[in-house]
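Okay, here's what each chain looks like letter by letter:
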Number of protein chains: 4
Amino acid sequence: MPDTKATATLLIHCPDQVGIVAAITDFLHKNHGNILSLDQHVDEEANRFFMRVAWDLAEFMIPKEKIDDYFATLVGKRFDMQWRLHFSEKKPRLALFVSKKSHCLYDILQRYMSGEWQVEIPLIISNHENLGYIAKRFDIDYHVFPINPENKALQEKKEIELLQKHDIDLIILARYMQILSKDFIDAYPNKIINIHHSFLPAFKGGRPYHSAHRRGVKLIGATSHYVTEDLDEGPIIAQDVKKVTHKETVSDLIRKGQDLEKIVLSQAIWLEIQQKVLPYKNKTVVFD
Amino acid sequence: MPDTKATATLLIHCPDQVGIVAAITDFLHKNHGNILSLDQHVDEEANRFFMRVAWDLAEFMIPKEKIDDYFATLVGKRFDMQWRLHFSEKKPRLALFVSKKSHCLYDILQRYMSGEWQVEIPLIISNHENLGYIAKRFDIDYHVFPINPENKALQEKKEIELLQKHDIDLIILARYMQILSKDFIDAYPNKIINIHHSFLPAFKGGRPYHSAHRRGVKLIGATSHYVTEDLDEGPIIAQDVKKVTHKETVSDLIRKGQDLEKIVLSQAIWLEIQQKVLPYKNKTVVFD
Amino acid sequence: MPDTKATATLLIHCPDQVGIVAAITDFLHKNHGNILSLDQHVDEEANRFFMRVAWDLAEFMIPKEKIDDYFATLVGKRFDMQWRLHFSEKKPRLALFVSKKSHCLYDILQRYMSGEWQVEIPLIISNHENLGYIAKRFDIDYHVFPINPENKALQEKKEIELLQKHDIDLIILARYMQILSKDFIDAYPNKIINIHHSFLPAFKGGRPYHSAHRRGVKLIGATSHYVTEDLDEGPIIAQDVKKVTHKETVSDLIRKGQDLEKIVLSQAIWLEIQQKVLPYKNKTVVFD
Amino acid sequence: MPDTKATATLLIHCPDQVGIVAAITDFLHKNHGNILSLDQHVDEEANRFFMRVAWDLAEFMIPKEKIDDYFATLVGKRFDMQWRLHFSEKKPRLALFVSKKSHCLYDILQRYMSGEWQVEIPLIISNHENLGYIAKRFDIDYHVFPINPENKALQEKKEIELLQKHDIDLIILARYMQILSKDFIDAYPNKIINIHHSFLPAFKGGRPYHSAHRRGVKLIGATSHYVTEDLDEGPIIAQDVKKVTHKETVSDLIRKGQDLEKIVLSQAIWLEIQQKVLPYKNKTVVFD
C-alpha cells in the first residue's frame, strides 16, 4: 500500500564545509517540517557533501510553490548548493524504449499495473514493431521509430518532441538496442537509465554474454546506469551477478542473464522514482 | 591505514518526536563540532528514533570528559534519550571465547595482528586446552575453565573476575560451545557477540548442519548476534548464506559453513568496534 | 533458440551397487545411443544411486515406444530401479494456480510467450476473479473456483477433472493462497510446485515477511518446493535470499521478496521442464 | 574427518565421439573398480569431451603402478585422450608465495593446521622478510628471494631448484606481488594458482580497488585462476563478489576485498587438491 502522507524530498550536493547539516535541519525545524528521513555523505576525496532529506508537509509553514525559492535564499546559495526538490504527490512520468526482447518490458509493466510503482507510463517507443502487441494488451501507446544512419538525427528529434509533449521525466532503455546521440542525451541529462548485460566495466559494448562465455568467467552480471555520452561509462546505479558454470552455453547465459537484467533495471528505476539516487560526475550516491 | 583524526561518536535512541535532529546538530554545530557522518532511522511501528553521529573533536569546545554531562543536560534529558558516547582514541578491549575449532580464532587474530582492527585482545578463554598452542604462538594469555553442570556457576564467576580485571569491553564467542548463564549475560548486556552456524531462525540449537542436510536445503547460512537469555534469539547483527547442492555431505556443509561463520562473525565485530550497531529490544539498527 | 535434436532423458534411482553406470552406458552404447550428458550421484547415507542421462535418438536402434520396455527388461529390473523416461519432443503441459498477486504469473507468462520455455499453458485456475483480466490479455482460459471449507472437496474434484481433461503434467502454485487437500496432492505426486515466501524451514506458514520483520533478520528468502501433505515441508528445488536492513518495513520486504519469489519459482519450473529434478523422500537431486 | 578409502581419480579430455563413457565405465567395471563418482561434460563448440571419474581401489584388479599403462593401451590411445591420474593417498605438496599481506597466508595455514586440507606445505617463498615471523610461528621454512629486474632470472632459477628439491606439486600465489617470467610459468604449467583482487576481466593489472572506486562500481570481486603467460588472462577457477556502496573508501574496499580474496583463493585450492579442475585452453571445467 503506498504511503499517502504528503512529503517533500531534497537531494543536495555542495562543497563540504562546517555547518551544512545544522543549517538544513534548522531551516526545516523552524518552519515546522518534521524530518522523516535524513541521509548524508561526504566524499572526502572530492571534498563534496551530499544529502537526502525528506519531511512531512502537513505542518510545514512554507507553501509548496515557494519552498524552492526560500531554500535558495536561506540555505542553498550560502553553501553554493545544487539541489533537486521533489513532492511525493508528483508521479514520475516514464517512457520506455524497447527493441525486440520482452523480459524487461513485462517486468516494468507488471510493477506499474499492480501499483507497486507510483508512476505514469504514457508511452513506449521502439525501433521495431515486434513488441507492439504487448503495448496493445496493456493499452499503452506504442510508437515505432525505425533508426538507420541516415534518419537517426531526424528520428531522435521526433522522439524528443513526443517525449516533451508527454511531459516525460525519465527515460528507461529496457534493452533498447540503439545508441543514443549526444544531442538526445543532452536533452535528458541523468534522466535516461539503461541496463547493460554485464558487470561493467567488464564486457562493454556488444554481445557481452558471448564475450563472457569465451573468457570462461564463473559469474555473469548486469549493470543499470545513467546514460552519458561515453558508451557504457555512465554513473552506475545498481549491479548484480549470478554464478555460471562450464556447463552453460551462450544461450544459457543469455537466459539466466535476462533474470538479472530485469531485476537490476527495475531496482534502479525504483531507486530513481523514490528520489534516492544522486549522480555526481561519473558516480552515484544511492541513499537506500 | 587507520584514521588518526580524534573523533567522537554518539549512538542515540529515544521516543520519536519533532525536532530531534535539529537539536542534536545544533548542539554540535554551536560548539564547533564538525559533523563527519550522520545516520538516523525512525522505527514507525515502535515510534522510536535512532541516530549515529560522529564529529571531529579538533575544534570542539566542550572538553571530552564533560561531553556526556553537557549532552545530557542540553539535549538528552529533554528527549528522554538513551545514548552511548565513544571516542575514537579508545581501543575496544576484546576477550575471545573458544572451544576446539580454530577457524574463527585465526580469522580474528589475523585481523588483530595485521592492524586491520584497532582493538586490544588481552586474553582468550576456553573450556578446553586444545587451542592453547595457537594462543601461545600469538603471545596471548590463554585461560582454561573446564565447565560441567556442577562447577559452571563458580567457573563463570571466575571468568567474570578475569574479564573485569582486564577491562574487557566486548566478549566474542568464536565457536564457544557452552551456553552462558543468565547471570553471566546480565553482566555484559549486548556486549557478547556469538556466531551461530545457521541462518537463524532456521536450525536453532545444536548440530544445525546436520539438520540442514536432513532437510535438503539449497542454502546454508551463518548468523552473528548479541547473546541474550533466550538461546539463539538475540538481536541479529549480520547474516550470510552460501549455495549447497545434493552432492554435499554433512562434512562438506561443515567445511563450507566455516567460511561463512568466520566472515560473518568478523563482520559483526567490525561493525561493533566501529560503533555502528544499536541493539534495541530484539533487533538491531546497523548504521553501515 | 531451442535445441531441435530429438533426445531422450532417463531419470533413475535405485539401491546403490557395483556396475550400474556400466550397465546403463553399455545399454545405450550397444544400441547406438550417443550420450549427450550423464550425471550421477550416490547418497551414501541412504545407499541410493541417482542418475540422469540424455542421449541422441537419431541413430538409436530401439523405437521410442519400446524403450521403456527394453530398458526395464535389460537393466531396470536387474537393479530394482525406478525411472522416468522423457522425450524432448514432448512439451510439458502446465496449469497455473493463482490468487490475487500477479508478479509470478507475469514472469511465467513472459517466458512462455517469448519462447524461453518449450511448454504449453492451456489454463489458469484461481480462487478469485482478480487476475482474470491478465489471462484474457494473454488468451488463456481462466477458471475460477472459489474455495471455502464447505465446498473445498467438491471444488478440488472439479479442478482435477479439468486438469485431467487438459492432460496437465505439472501444476504451478504461483502464489496460490489455498492449501491443497491430501486427495488433490495424491493425484499429482511430485507434480505440484509451490513458491513459499521465506527461506524454509524458517518462517513456515502464513505471513512470513511479517515474521521476518519481527525477528529482525538481515536476509529474506524464497523457496520453491514440491507440494506434499506436510505444509511447507516438501522437497526443496531452489532457494535464494536478498539482504535487507533495519530501514525496510514489512511493505519493503514484501516488495523485494516478490522479486525473489518469481525468479526462484521460475528457476524451479525451468529445472523441472528440463527433467533435471529427481525428488526422493524429502529431498531433491538437482542435475544442473 | 578425511575419507580413508583408497581411491583413484582420472581427469580426462579428448575429441568428442560416440562411446567414450561406455568404454571408460566398461574398463573400470570389468576390472572390479566400483565407480564412486562420475561427471562428464561435452563442449560442443570445441567438440571436446571432459570427464572426471573416481573409483574404489579396494577390489580393483590392476595394480596401482600399472593403471596408467593399462588405461593408455585399452582406452586412452584409442580415443586420443589426455589424462591425469591421481591417488587419494598421495598428499599434494604446496609451496606458498607471499609478499607483505597476511590474510591469504593465515587462511591457508589454518586449513592446513586444522586438517581441513590433506596437503603438505613444506615451504613459503617471499620477496620480502615481512611475513617470516608467521612462518616461524607455524614452523614452516621461509625463503626470501628479493626480486629486482637485474636478478629476477637468477632468483627464479633458484626458486625452481628449491621447489623441485621439495617435490612441489602446486604453487599458490597468496597475494605475491611479483610477475612470474614465462620460463618460470613453463616449468609449472597449470600448476600455479593466483588470486587477483577484482572480478576479472574487469580491472586487470595493478591497484584494482583504486580503479573500482574511481569507476563507482556497486560490486567488488576476486578471481582465482591458473597463471599463464598473459597476465590476468589465465583460466578462471573461482570468482565471487560483494556489494559496496558510495560510502566506502578505497581502504574499505581493500579491507572487504581481502575477505573475498582469501575465501576465493582457498576455494580454488580446495577444488584443485580434490582433483576437480580441468583446465583446457583458456577455460576450466570444474567438476564440483
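Predicted, not measured: the structure shown is a model, and the values here were computed from it.

As for the overall build of chain A
Piece 1. Broken down by element type, chain A carries 8 helices and 13 strands.
Piece 2. Here the C-alpha radius of gyration of chain A, 21 Å, is about what a compact globule of 288 residues would show, namely 19 Å.
Piece 3. Every one of the 288 residues in chain A was classed for burial, and the buried ones make up 60%.
Piece 4. Once local pairs closer than 6 in sequence are excluded, the contacts in chain A between residues at least 24 apart make up 67%.
Piece 5. Surface exposure of chain A reaches about 11,800 Å², of which carbon and sulfur atoms provide 50%.

Observations concerning the relation of the copies chain D and chain B
Turning one copy of the chain about an axis and sliding it along that axis gives the other copy, so a rotation and a shift relate them.
Piece 1. Mapping chain D onto chain B leaves a residual RMSD of 0.0 Å; the transformation is a rotation of 180° accompanied by 0.0 Å of translation along its axis. When the rotation and shift are considered jointly, the pair of chain copies conforms to a two-fold rotation axis. Across chain D, the smallest distance between a C-alpha and the rotation axis is recorded for Arg137(D), namely 2.9 Å.

Observations regarding the interface of chain B and chain C
Piece 1. Tallying the contact residues gives 32 residues for chain B and 32 residues for chain C.
Piece 2. Taking both sides of the interface into account, the surface hidden between chain B and chain C amounts to around 2,800 Å²; carbon and sulfur atoms contribute 54%.
Piece 3. When the buried surface of chain B facing chain C is broken down by residue, Arg215(B), Lys218(B) and His246(B) rank first, second and third, together holding 27% of it.
Piece 4. Summed over the shared surface of chain B and chain C, the number is 4 salt bridges.
Piece 5. Ionic pairing is found between Glu233(C) and Arg215(B), a salt bridge with its closest N-O pair at 3.6 Å.
Piece 6. Along the contact surface separating chain B from chain C lie 18 residue pairs in polar contact (both at pLDDT 80 or more).

A look at the interface of chain D and chain B
Piece 1. In this complex, chain D contributes 21 residues to the contact, which on the side of chain B involves 22 residues.
Piece 2. By the criterion of area lost to chain B, the three top residues of chain D are Gln110(D), Arg137(D) and Arg255(D), representing 28% of everything that side buries.
Piece 3. Across the chain D-chain B interface, the total number found is 6 salt bridges.
Piece 4. Salt-bridge contacts for Asp107(B) lead to Lys262(D); the nearest nitrogen and oxygen are separated by 2.4 Å.
Piece 5. For the interface between chain D and chain B, the tally reads 9 residue pairs in polar contact (both at pLDDT 80 or more).
Piece 6. Among the secondary structure elements, those contributing two or more residues to the side of chain D that touches chain B are α3 (103–113) and α8 (250–273) of chain D.
Piece 7. Of the residues belonging to the side of chain D that touches chain B, the class tally is 5 nonpolar, 5 polar and 11 charged.

What to know about the side chain of Asn31(C)
Piece 1. Mapped onto the elements, Asn31(C) comes out in the loop between α1 (20–30) and β2 (35–43).
Piece 2. Beyond its immediate sequence surroundings of up to four residues, Asn31(C) is in contact with Glu59(C), Phe60(C), Met61(C) and Ile62(C).

Side note on the sheet that holds strand β8 (residues 170–173) of chain A
Residue and element names in this part refer to chain A.
Piece 1. The mixed open sheet is built from 7 strands, whose spatial order is β7-β6-β5-β8-β9-β10-β11. With partners counted over all chains shown, the strands left at the sheet margins are β7 (141–144) and β11 (236–243), one partner each. Neighbour-to-neighbour, the strand axes of the sheet open up by a mean angle of 20°, direction not taken into account.
Piece 2. Across 3 bridges, the pairing between β8 and strand β9 (residues 192–196) is parallel. Considered in β9, the bridge of Ile 172 is made with Ile 193.
Piece 3. Sitting on the sheet, helix α5 (residues 152–165) is in contact with β5 (93–98), β6 (120–126), β7 and β8, with an inclination near 170° to β6.

Topic: helix α1 (residues 20–30) of chain A
Piece 1. Taken across its 11 residues, α1(A) has 8 buried, putting it largely inside the fold.
Piece 2. Among the residues of α1(A), Ile20(A), Val21(A), Ala22(A), Ala23(A), Ile24(A), Thr25(A), Phe27(A) and Leu28(A) are the ones counted as buried.
Piece 3. As for α1(A), its buried residues are in contact with β1 (7–15), β2 (35–43), β3 (48–56) and α2 (64–76) of chain A together with α1 (20–30) and β2 (35–43) of chain B.

Observations concerning the environment of His196(D)
Residues and elements named next belong to chain D.
Piece 1. Its place among the elements puts His 196 in strand β9 (residues 192–196).
Piece 2. Spatially, the C-alpha atom of His 196 lies 27 Å from that of Asp 43, the residues being 153 residues apart in sequence.
Piece 3. Apart from residues no more than four positions distant in its own chain, His 196 is found in contact with Phe 203, Lys 204, Gly 205, Pro 208, Ala 222, Thr 223, His 225 and Asp 232.
Piece 4. Among the polar contacts listed, one links the side chain of His 196 to the side chain of Asp 232, at a separation of 3.5 Å.

Observations concerning the domain arrangement of chain A
All names here are of chain A.
Piece 1. Here chain A is partitioned into domain 1 (7–87) and domain 2 (93–286).
Piece 2. Averaged C-alpha coordinates put domain 1 and domain 2 at centres separated by 31 Å.
Piece 3. Between domain 1 and domain 2, the residue contacts involve 11 residues of the former and 10 residues of the latter.
Piece 4. Summing both partners gives a buried area of about 980 Å² for domain 1 against domain 2, and 63% of it is carried by carbon and sulfur.
Piece 5. Its largest share of buried area at the contact with domain 2, domain 1 owes to Phe 50, Arg 52 and Arg 84, together 47% of the area lost on that side.
Piece 6. The tally of links between domain 1 and domain 2 comes to 4 residue pairs in polar contact (both at pLDDT 80 or more).
Piece 7. Those elements giving two or more residues to the side of domain 1 that touches domain 2 turn out to be β1, β3 and β4 (82–87).
Piece 8. Counted by class, the side of domain 1 that touches domain 2 contains 4 nonpolar, 4 polar and 3 charged residues.

Focus: the sheet that holds strand β11 (residues 236–243) of chain D
All names here are of chain D.
Piece 1. Strand order in the open sheet formed by 7 strands is β7-β6-β5-β8-β9-β10-β11, with mixed pairing between adjacent strands. Of all the strands in the sheet, the pair left with one neighbour each is β7 (141–144) and β11. Between one strand and the next, the sheet's axes are offset by a mean angle of 20°, whatever the strand orientation.
Piece 2. Two strands pair when backbone bridges link them, and strand β6 (residues 120–126) and β7 are joined in this way by 4 bridges, in the parallel orientation. Bridge pairing in β7 places Leu 123 opposite Asp 141.

Criteria and cut-off values
- All chains use their own residue numbering, which begins from 1 and follows the written sequence.
- Naming scheme: in the order in which they are written, chains are lettered from A and ligands are numbered from 1.
- Only residues with pLDDT of at least 70 get local features here, since the model is predicted, and only at 80 or more are side-chain atom pairs given and counted; chain-wide, interface and lining totals rely on the full set of residues.
- Only hydrogens and water are set aside; all other atoms, that is, all heavy atoms of the structure, feed into the side-chain values.
- Starting at the N terminus, helices and strands are each numbered in turn, a helix being any DSSP run of H or I of at least four residues and a strand any DSSP run of E of at least two.
- Computation of the radius of gyration draws on C-alpha atoms alone. For the globule rule, the value is 2.2 Å times the number of residues to the power 0.38.
- We call a residue buried when its accessible area falls under 20% of the maximum for its residue type, exposed when it is over 50%, and partly exposed in between, using a 1.4 Å probe and counting protein chains only.
- By definition in these notes, contact holds between two residues if any of their heavy atoms fall within 4.5 Å.
- Accessible surface is estimated by sampling points in the Shrake-Rupley manner with a 1.4 Å probe; for residues, cover comes only from the protein chains shown.
- Residues reaching a pLDDT of at least 70 in both copies supply the C-alpha atoms on which the copies are superposed by least squares.
- Put simply, buried area is the surface a 1.4 Å probe can reach on two separate parts but cannot reach once they are joined, added for both.
- What counts as a salt bridge is simple: a side-chain nitrogen of Lys or Arg found within 4 Å of a carboxyl oxygen of Asp or Glu.
- The term polar contact refers here to a pair of N or O atoms within 3.5 Å; inside protein, the definition further demands a hydrogen-donor-capable atom paired with an acceptor-capable atom, and it admits residues adjacent in sequence only when both atoms are side-chain atoms.
- Amino acid classes used here: Ala, Val, Leu, Ile, Met, Phe, Trp, Tyr, Cys and Pro are nonpolar; Asp, Glu, Lys and Arg are charged; the rest, including Gly, are polar.
- Note on pairing: DSSP must find at least two bridges between two strands before they are called paired.
- Note on definitions: angles span 0 to 180 degrees between N-to-C directions of axes, and those axes are lines fitted to C-alpha atoms, for helices only across the stretch in contact.
- These domain limits were set by an automatic method or by a database of domain assignments.

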